[in-house]
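What follows is each chain in one-letter form.
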Amino acid sequence: MSAYWLDWLSLLTRWAHLIVGIAWIGASFYFVWLDNHLDAPDDEALKAKGVAGELWAVHGGGFYNPQKYRLGPPQMPGHLHWFYWEAYSTWLSGFAMLVLVYFLNPALNLLDPARAAPAGYAGVAVALGFIVGGWIVYDGLCRSPLAKAGWMLQAVLALLLAQAAFALCWLFSGRGAFILFGAMLGTMMVANVAMVIIPGQRRMVAAIAAGQAPDPRDAQRGKQRSVHNTYFTLPVLLTMISNHYAGVSNAPRNALALVLLAAAGAAIRHWFVLRHRARERAGRTSPLTLITGLLLIAVTAALLQPPAVGGGPVGMARAQAIVAARCTSCHAERPSFPGLAAAPKGVLFDSPARIEARRAAIAVQVQSGAMPPGNLTGLGDDERAELLRWARAP
Ligand code: HEC
């Protein structure tokens, strides 16, 4: 397929991914909110029916009264709504994006010769190993005796995920590592829905339809996985946007940044979950987890600050010469680099004015080593230092 049509495919897939991702995470946020706001019913008739919690809400000009049953309703209703296509289609479109952006042309975005992963499709195989292997290890741990003590499982998971973050950053380009970490977590989340939560719910529905009591273990397992999904959500969303911020994803300490920011996301999510239940504590929520999350972000930003650049001034003519030699094979109206239909992100370096206008962006990209990707055009260390001195001149 030509680069032009690939671009269209990529645009449409990304659009679809965003839409279904919003539908999935939106529903997930809503149900966590719902679960945490339920009050025990006062009405004796509701209690007798097995309703454990209910709430009232107003939205879009209508009044709603959702009720949650302890295990299930006495009889199955005529029509039961399920929530899984949002999750499945988010994974399918996300995997398609991974193939289009990272796997088809691994040298451009996934790999970096300065990192340890093998070149070409062997590198893609290692990436796939993380996505599949991540689920196998995670699922095994959730089914192991470790899961009896929830906090122990969470601690082991956090440790293993931190190790995976370091391994990914050691193997892949910064943006490749960040997106793979997100893809790994996202795969666990969707597989939790497909392999644990939905099959459990199907068994519960079948039991109720047969007039039997559903197995409470199915409800517990589903709950365990959906709690994990709640804490994975913000870290995954961060990795999805991280490829726009090479100053973070490609920084020398990018693995530490990934771990700290993921922890910050989980902590901030925890604060939201606590806040939902504030009614139980007369409306008060401890700000501790929120402050922890924000502090982690501040520490990361401080740690990643690039060092000052030394040396004399570098003129525009020299900067332009380096850019012409090392950047314009891609950043031109008609890029000569194979596989590019147009200047990436519309970034053109065909005149001094255009180069000047991008000074700040060039500083970030060249400092972090994100550009040229995988140093495909062989920007020398001296040239990089010179370009940086020009770009970061006060
Ligand atoms: C091999 C092709 C290639 C070369 C060579 C290249 N770039 Fe890029 N550049 C890209 C691609 C692809 C993107 C878009 C990345 C993305 O999707 O976020 C990009 C994006 C950028 C951006 C925009 C970043 C953003 O997130 O908005 C800047 C600035 C940039 N490059 C600067 C440079 C500079 C400076 C050089 C030379 C030192 C250079 N590039 C060399 C392919 C290249």
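Before any of the text, the structure's been laid out above.
Quantities reported herein were computed from a predicted structural model and do not represent experimental measurements.

Rules used in this analysis
Residues numbered from 1 in each chain as written. Predicted model: local features only at pLDDT ≥ 70, side-chain atom pairs only at ≥ 80, totals over all residues. Heavy atoms only, no water. Phe/Tyr/Trp six-rings, centres within 6.5 Å; stacked < 30°, edge-to-face > 60°. Buried < 20%, exposed > 50% of the residue type's maximum accessible area, 1.4 Å probe, protein only. Near = heavy atom within 4 Å. Polar contact = N/O pair within 3.5 Å; in protein donor to acceptor, adjacent residues only side chain to side chain. Nonpolar A, V, L, I, M, F, W, Y, C, P; charged D, E, K, R; others polar. Domains from an automatic or database assignment. Helix = DSSP H or I, 4+ residues; strand = E, 2+ residues; numbered from the N terminus. Expected span 1.5 Å × (residues − 1). Arc of directions from axis to C-beta. Contact = heavy atoms within 4.5 Å. Donors = N, O, S within 2.8 Å, 3.2 Å for Na, K, Ca; no water. Tetrahedral: all angles 85-135°; square planar, octahedral: opposite > 155°, others 65-115°.

Asks: Describe in detail the packing of aromatic side chains, supporting the description with residues and values.
Replies: Taken as a whole, this structure holds 13 aromatic pairs when the rule is applied. Taken together, a centroid distance of 5.0 Å and an interplanar angle of 85 degrees make the contact between tyrosine 4 and tryptophan 5 edge-to-face. On the accessibility criterion, tyrosine 4 (46% relative accessible area) is partly exposed. Taking the relative accessible area as the measure of exposure, tryptophan 5 reaches 52% and is therefore exposed.

Asks: Outline the site of the ligand, supporting the account with residue identities and numerical values.
Replies: Arg175, Cys327, Cys330, His331 and Met371 are the nearest of the 21 residues found near the ligand. One of the side-chain N or O atoms of arginine 175 is found 3.3 Å from an oxygen atom in the ligand. The separation between a nitrogen atom of the ligand and a polar side-chain atom of histidine 331 is 2.8 Å. Classifying every residue of the shell around the ligand gives 14 nonpolar, four polar and three charged. Counting residues domain by domain, the shell around the ligand receives three or more from each of domain 1 (3-37 + 86-303) and domain 2 (316-391).

Asks: Any details on helix H6 (residues 150-171)? Residues and values, ideally.
Replies: For H6, which comprises 22 residues, the first-to-last C-alpha distance of 31 Å matches the rise-based estimate of 32 Å (1.5 Å per residue) to within 8%. Buried residues of H6: Leu153, Leu157, Leu161, Ala164, Ala165, Leu168, Cys169 and Leu171, and no others. Projected down its long axis, H6 shows its buried positions confined to an angular sector of 150 degrees, all on one face. Across from the buried face of H6, at angles greater than 90 degrees, the exposed residues are Trp151, Leu159, Gln163 and Trp170. Against helix H5 (120-143), helix H7 (174-209), helix H8 (216-242) and helix H10 (254-276) lie the buried residues of H6.

Asks: Can you break down the side chain of asparagine 254 residue by residue, with the values?
Replies: Within the secondary structure, asparagine 254 sits in helix H10. Accessibility expressed as a relative area gives 3% for asparagine 254, which makes it buried. At 2.9 Å, the side chain of asparagine 254 forms a polar contact with the backbone oxygen of serine 249. Among residues more than four places away in sequence, those in contact with asparagine 254 are Arg115, Cys169, Gly174, Phe178, Val248 and Ser249.

Asks: Please provide a residue-by-residue account of the coordination of the iron atom of the ligand, values included.
Replies: Bound to the iron atom of the ligand on the protein side are His331 (NE2) and Met371 (SD), at distances that span 1.9 to 2.2 Å. For the iron atom of the ligand, the six donor atoms in the first shell make angles of 88 to 179 degrees at the metal, a pattern classed as octahedral. Residue histidine 331 is found in the loop between helix H12 (316-326) and helix H13 (352-357), and its partner methionine 371 is found in the loop between helix H14 (359-368) and helix H15 (381-391); the two are separated by 40 residues along the sequence. Given the relative accessible area of 10%, histidine 331 is considered buried.

Asks: Outline the side chain of threonine 233, supporting the account with residue identities and numerical values.
Replies: Tracing the backbone shows threonine 233 in helix H8. Relative accessible area serves as the criterion here: at 1%, threonine 233 is assigned to the buried category. For threonine 233, the side chain forms a polar contact with the main-chain oxygen of asparagine 229, separated by 2.8 Å. Apart from residues lying up to four places away in sequence, threonine 233 is in contact with Ile25, Phe29 and Met189.

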